[in-house]
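Here are the chains, one letter per residue:
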Amino acid sequence: MKAGELEILLGNEAIARGLLENGCTMATSYPGTPASEILSSVVEMARENGYRIHTEWSINEKVAFEVALANSYLGLRSAVSMKQVGLNVAADPLMSSAYTGVLGGFLVISADDPGPYSSQTEQDSRFLAMFAKIPVFDPASPRQAKEMIGTAFELSEKYQLPVMLRPTTRVCHARQDVPLGSILELERTPRFQRDPGRWAATPGFRYQLHLQLNEKLKQIGREINIGPRLINPKARAGSATQCVVASGVALAHVYEIMEELELLERIPLFQVLVPYPLNPEFAGELLQDFDQILVVEETYPVIELQLRHQDKIAGRLTGAVPNAGELDPLTIEQSLRRFLGLAPASIPEPKEAKERPPTLCAGCSHRAAFYAIKKAMPKAIYPSDIGCYTLGLNLGAVDTCLCMGACISQAAGFYHGFARSELQMGPPIVVTIGDSTFFHAGIPALINAVQQGARFILVILDNSTTAMTGFQPTPGSGKTADGSPATMFDLFEIVKACGVTFIHEADPYQLPEFIALIKEAAIYCRKPDGSVAVIIAKHACIMDKEALAAQPRIKVEIGEECNGCRICVDQFECPALIYDAEGNRVYIDRLLCIDCGVCLEVCPSEAIKKANKRQTTKTVPKVHKAKK
Amino acid sequence: MLFLVRILSEAALIAGLPVLSSETHGMAQRGGTVISHVKIGPFHSPLIRIGTADLLLVLHPENLELHRHFLRPGGQILVNTKENNGAYHTIDATGLATEIGAPVTANLVLLGYALAKGLLFCREEHIRRSLPRLSNGSRLAVNLKSLELGLNWKAGDKPTSR
């Protein structure tokens, strides 16, 4: 990858490259779709180019933000990246840092998920930028995301303010040919400038800082080089009374649709590069020159809200553009057509075909844990959390999923809610949380639960990684983002330090023993001196090649005893077990099966058994189910 | 399908053509359907609009009906399947790839056949040159082998029994 060349880059890779081309010395992050590849790309590119940068998979987004922010206090360039709901976790330092400001450029890269495809909300990070009073860039493509980084760093240093870059899924996970610039090692000496009136500002000083902040925003709004752009100047020469204003990927879709419908000659299209603060002169001219303005943006009406005279504006607030869900090209085309008085596009109706739902991998130890939980405690409440294990939903063992680490607090809330009522003893509560999620937000919640006298079973699903987002290391992994060795934190010791006395580690693959342990935990919870019981379900993620190779292979087969009762398919839900309706029996998809052997315990007719050396011939029917 | 997007994007670069593509990630990947869009040319949006695709490459036949509406009138379809109803191009890419012990390279068999049938925007050499940029060693050798399986396969050939 050399300067001057074109390279196919994922949007997140383009952003990483942009950080290195602009002298960033620290990049921190917590994994979250669609942002996860930003930090891993920074690590890889830094290694390839011998570029010195401190990188971190921090324990959570708040910590990641604070670590990176301090680096910018020293006059060095810094960036923190996360997904949009991660920004909620980092909101506390975000809000305060807008007042204190920064010295070295500081980029907050918050990647949104319109839809949402893999998030609890489809909130708009630009709105949080508005709330925090920091400027935000809204790129429309991978190329543009990279281009904006240099401008954003300069703006951040000129006004000594954090600056947000807000890509969305269709930028982060799009690929494009991107021109590479030169990697830049900025020669700056870190220095801490003592200034407690600023860095440690107390409320009285904060008022002064707020006045300064407001002034900065006013000036940034007037910066010409980052102001809105007219895509098609020729259209402005005409007598158009309608125009379209858009930003981000929505702009990309609109641009292409208008090109195809041959509207660019007569309808002006404006791209807003920095949705907040919106250039007031632009807003003024727009409202003066046009009778009707369509605003297309996602996922909140950030630009729209800054345009007054609502009677001229059509957008999310007026229903002209949907106010929920991704703005895909079809949706945008219909909004555009309606606005311009064109007939709606006639689109072939997509078929209601059955989509394959997501499921835990064949051999996943979470499946074994959830199955055991349901068997041991079928009438419990199952608070759960965010990760691959949320798919415990498919086994009926997930009742709640709110936000990172909430399961433990919610379990405590359920317990106290039932306990104060006349019911005295509510239903049992079995919580599931992943190891990375536990480190992220579960520790304070657990301390609180024990301190406040809650009682429930907490199963920490420890597969030693952050699997859902791409197997990033956790504090329990013993290594950092770039693979260097690091302290390995022992979950058992941490749980003990949280005041828990019933702690057991067990491998969920050993189903009968695991089920017995859960029952034992339940008895402990109900004892007069009982409390929170913790079971650490320890089994490495089978997507880890080394871990998979290390575990025993137990080949199973399904014998003639199979009567098609479907318990293995419906309750155990392994994707390698396929029900054949014609033969009314189950067979094993050998491409998916990893020979974990856990299903041996599942069949009530004992039809699933260890395979003999002699192969049975009738296990695979005619129709082949292809691998995922 | 993820890997196919990378190959096609790289091939476009080698052919000197601008490219924009998208893929689905995250929850969708745990066994869920994965859809990728590849656009070659001076496009702005990374998504293919309904009714405009020139080509639909289908790795799992059960997904054909769900995504058929993306195709433009006159667009082509190539499906990885043993069945053949004559309505579109088909090849048992999984079967062929499994025969050489590399079922995960079914997408390359599919790609090879698409090339042979003239369905792609580029020539064989662009795809061949893209592969070493994306894989190496034994992986590359297997990928090339699968590509060639697809290139050389003739409709009517039957794979040997599995």
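Because the structure is a prediction, the values reported are computed rather than measured.

Teacher, can you tell me more about the sheet that holds strand S1 (residues 6-10) of chain A here?
Consider a sheet: its strands pair through backbone hydrogen bonds, and that pairing is either parallel or antiparallel. Spatial strand order, S1(A)-S8(A)-S1(B)-S2(B): four strands in an open sheet with antiparallel pairing. Strands at the two margins of the open sheet, each flanked by one partner only, are S1 of chain A together with strand S2 (36-40) of chain B. Averaged over all neighbouring strand pairs, the angle between strand axes comes to 20°, with direction disregarded. The sheet contact formed by strand S1 (residues 19-23) of chain B and S2 of chain B spans five bridges and is antiparallel. Bridge pairing in S2 of chain B links Glu 23 of chain B to Ser 36 of chain B.

Can you help me understand the pattern of salt bridges in this one?
Where charged atoms from two side chains of opposite charge come close, those side chains can pair. Taken as a whole and assessed by the stated rule, the structure comprises 34 salt bridges over all chains. Notably, a salt bridge pairs Arg 188 of chain A with Glu 157 of chain A, separated by 2.8 Å at the nearest N-O pair. Placement of Arg 188 of chain A in the loop between strand S8 (174-179) and helix H9 (196-199) and of Glu 157 of chain A in helix H7 (residues 142-159) is noted, with a sequence separation of 31 residues between them. Across the salt bridge formed by Glu 10 of chain B and Arg 133 of chain B, the nearest N and O atoms sit 2.9 Å from each other. In this pair, Glu 10 of chain B is assigned in helix H1 (residues 2-14) and Arg 133 of chain B in helix H5 (residues 124-134), connecting sequence segments 123 residues apart. One network of salt bridges, in which partners are shared, links Asp 112, Asp 124, Arg 126, Asp 138, Arg 166 and Glu 297 of chain A.

Explanation requested: the pairing of strand S5 (residues 106-111) of chain A in the structure shown.
Consecutive side chains of a regular strand alternate in pointing toward one face of the sheet and then the other. Residues and elements named next belong to chain A. Within S5, six of the six residues are buried, leaving the element largely enclosed by the surrounding structure. Bridge count for strand S4 (residues 77-83) against S5 is six bridges, and the pairing is parallel. Within S5, the position partnered with Met 82 by the bridge is Ser 110. In the sheet, S5 pairs with strand S7 (residues 163-165) via three bridges, with the strands oriented parallel. Residue Ile 109 lies in a different strand from S7, and its bridge partner there is Leu 165.

Quick question: what am I supposed to make of helix H10 (residues 203-221) of chain A here?
It helps to recall that an α-helix has 3.6 residues per turn; residues three or four apart then point in one direction. Over its 19 residues, H10 of chain A extends 27 Å from the first C-alpha to the last, a length consistent with the 27 Å expected when each residue adds 1.5 Å. Where the residues of H10 of chain A are buried, they touch helix H5 (91-100), helix H6 (125-132), H7, H9 and helix H13 (280-289) of chain A.

Looking at this structure, I do not really get the sheet that holds strand S6 (residues 136-137) of chain A. What am I missing?
All names here are of chain A. Judged by pairing direction, the sheet is parallel, and its six strands sit side by side in the order S3-S2-S4-S5-S7-S6 without closing on themselves. The two strands at the open ends of the sheet, each matched to only one other strand, are strand S3 (54-57) and S6. This element, helix H3 (residues 61-73), spans strand S2 (24-29), S3, S4 and S5 of the sheet and lies at about 165° to S4.

I keep staring at the confidence of the model for chain B and nothing clicks. Help me out?
Reading fine detail from the predicted coordinates is not recommended where pLDDT is low. Per-residue confidence for chain B averages 88 on the pLDDT scale, and 88% of its residues sit at or above 70. ipTM for the predicted complex: 0.90, alongside a pTM of 0.91.

Help me understand the nonpolar core in this model?
Nonpolar side chains in soluble globular proteins generally cluster together in the buried interior. All names here are of chain A. Ranked by internal contacts, the top residues of the largest apolar core, which has 91 residues, are Ile 408, Phe 456, Ile 457, Leu 458 and Leu 577. Of all the elements, helix H20 (residues 511-526) adds the most residues to this core, at nine residues. Sequence-distant contacts of Ile 457, that is, excluding residues within four places in its chain, are made with Met 377, Ile 429, Val 430, Val 431, Ile 518, Ala 521, Ala 522, Cys 525, Ala 533 and Ile 535. Among the nonpolar cores identified, the runner-up in size contains 66 residues, and Leu 107, Ala 129, Leu 155 and Met 164 belong to it.

Would you mind going over the side chain of His 440 of chain A with me for this structure?
Residues and elements named next belong to chain A. When you line up the elements, His 440 lands in helix H18 (residues 435-451). At 2.7 Å, the side chain of His 440 and the side chain of Glu 61 are in polar contact. Excluding its chain neighbours within four sequence positions, the residues that come into contact with His 440 are Tyr 30, Ile 59, Asn 60, Glu 61, Val 89 and Met 404.

What is the right way to look at the packing of H5 of chain A against H10 of chain A in this model?
Packed helices, taken two at a time, are described by the angle between their axes plus the distance between the axes. Residues and elements named next belong to chain A. Put simply, H5 and H10 touch, their axes get as near as 8 Å, and they point 80° apart. One element, H5, and the other, H10, form an angle in the roughly perpendicular class. Contacts from Ser 96, Ala 98, Tyr 99 and Thr 100 of H5 reach H10 at Arg 206, Leu 209, His 210 and Leu 213. Classifying every residue of the contact of H5 with H10 gives four nonpolar, three polar and one charged.

What counts and how
Residues numbered from 1 in each chain as written. Chains lettered and ligands numbered in written order. Predicted model: local features only at pLDDT ≥ 70, side-chain atom pairs only at ≥ 80, totals over all residues. Heavy atoms only, no water. Pairing = 2+ DSSP bridges. Helix = DSSP H or I, 4+ residues; strand = E, 2+ residues; numbered from the N terminus. Axes fitted to C-alpha atoms, helices over the stretch in contact; angles between N-to-C directions. Salt bridge = Lys/Arg side-chain N within 4 Å of Asp/Glu carboxyl O. Buried < 20%, exposed > 50% of the residue type's maximum accessible area, 1.4 Å probe, protein only. Expected span 1.5 Å × (residues − 1). Contact = heavy atoms within 4.5 Å. pLDDT = per-residue confidence, 0-100. Core = buried A, V, L, I, M, F, W, Y, C linked by side-chain atoms within 4.5 Å. Polar contact = N/O pair within 3.5 Å; in protein donor to acceptor, adjacent residues only side chain to side chain. Parallel < 35°, antiparallel > 145°, perpendicular 65-115°, else oblique. Nonpolar A, V, L, I, M, F, W, Y, C, P; charged D, E, K, R; others polar.

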